[in-house]
Amino acid sequence: MLVAAAVCPPTPLIVLQLDDLRSACHAAIAALRDARPDVLIVVGGSESTSTYGGQTAGTLHPWGMDVTVGHGEPVLPLSLTVGRWLLGGRAPDGFRSVALDATSAECRISGEELGKIAEKVALLVMADGSACLSPRAPGKYDDAAKPYNDLIANAIAHADPGALATLDPAQADRLWVSGRAALQVLAGAAGGHGYNGRLLMETAPYGVGYFAGLWS
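All figures in this text were calculated on a predicted structure; none of them were measured in a lab.

(A) The arrangement of the layout of surface pockets in detail. There is about 650 Å³ of room inside the largest pocket. Forming the boundary of the largest pocket are 30 residues, of which L100, D128, V177, S178 and G179 lie nearest the centre. Within the residue set of the lining of the largest pocket, elements represented by two or more residues are β2 (39–46), α3 (78–87) and α7 (169–174). The greatest single-element share of the lining of the largest pocket, amounting to three residues, is contributed by α7. Within the lining of the largest pocket, the residues separate by chemical class into 18 nonpolar, seven polar and five charged.

Structural data, given as structure tokens:
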């Protein structure tokens, strides 16, 4: 079953900037380690749903950074590459990408599967909020972006998988919430178990919602 989960943003900006957010993510990851899981899996959005071994490589070269993690030919999508980088010298036991357009039901099933792979499972969930939060955001500014972003932040803070499970995929797509699918995988993994939630940091540089949170 899921014993701990951390939520961190899958942005390459965290490598060179956003020092406070990076520190909050490291604190959440340290708490994952403290939970002494049997397996630690990194989950993040991508074009397709796939499973990768823990030593799989990823690179940030396409984003102008001389950063490569793992071993072999880099194949990890951006979200999982950033997650691997945040983990530092200790590789996870595996990676799971989830298609950005996966249905809520598909995400729930994927999460349920992850929650059953070991007696004690920890997830590092790479997910961000809306990219439509300000006029300078990558997406077109939308008045609905902040309430949707607040819903995600509150669900992380209160360890509320039910709230994450109700995130509407169509609205997430309109509001550029690329973390929706990964968050719904987390909801599926949590199932009906109770957790303590902590939102360690919430910020929105450049109009994109980023979170660092922990469920334990």
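After presenting the structure, the write-up continues.
(B) Structural view of helix α8 (residues 180–190). Within α8, 11 of the 11 residues are buried, which leaves it mostly tucked inside the rest of the structure. Every buried residue belonging to α8 is among R180, A181, A182, L183, Q184, V185, L186, A187, G188, A189 and A190, and all of these are buried. Taken from the residues just after α8, G191 is the one with a positive phi, measuring 55°.

(C) Focus on unusual backbone geometry. Look at R36: it is not a glycine, yet its phi comes out positive at around 50°. Checked against the element boundaries, R36 lands in the loop between α2 (19–34) and β2. Take R36: its relative accessible area is 66%, and that puts it in the exposed class. In this structure, W176 is a non-glycine residue whose phi angle is positive, near 60°.

Thresholds applied
Residues numbered from 1 in each chain as written. Predicted model: local features only at pLDDT ≥ 70, side-chain atom pairs only at ≥ 80, totals over all residues. Heavy atoms only, no water. 1 Å grid on protein atoms, 1.4 Å probe; cavity = no way out; pocket = protein on both sides within 12 Å on 5 of 7 lines; lining within 4 Å. Points joined across faces, edges and corners; volume = space filled by probe spheres on them. Helix = DSSP H or I, 4+ residues; strand = E, 2+ residues; numbered from the N terminus. Nonpolar A, V, L, I, M, F, W, Y, C, P; charged D, E, K, R; others polar. Buried < 20%, exposed > 50% of the residue type's maximum accessible area, 1.4 Å probe, protein only.

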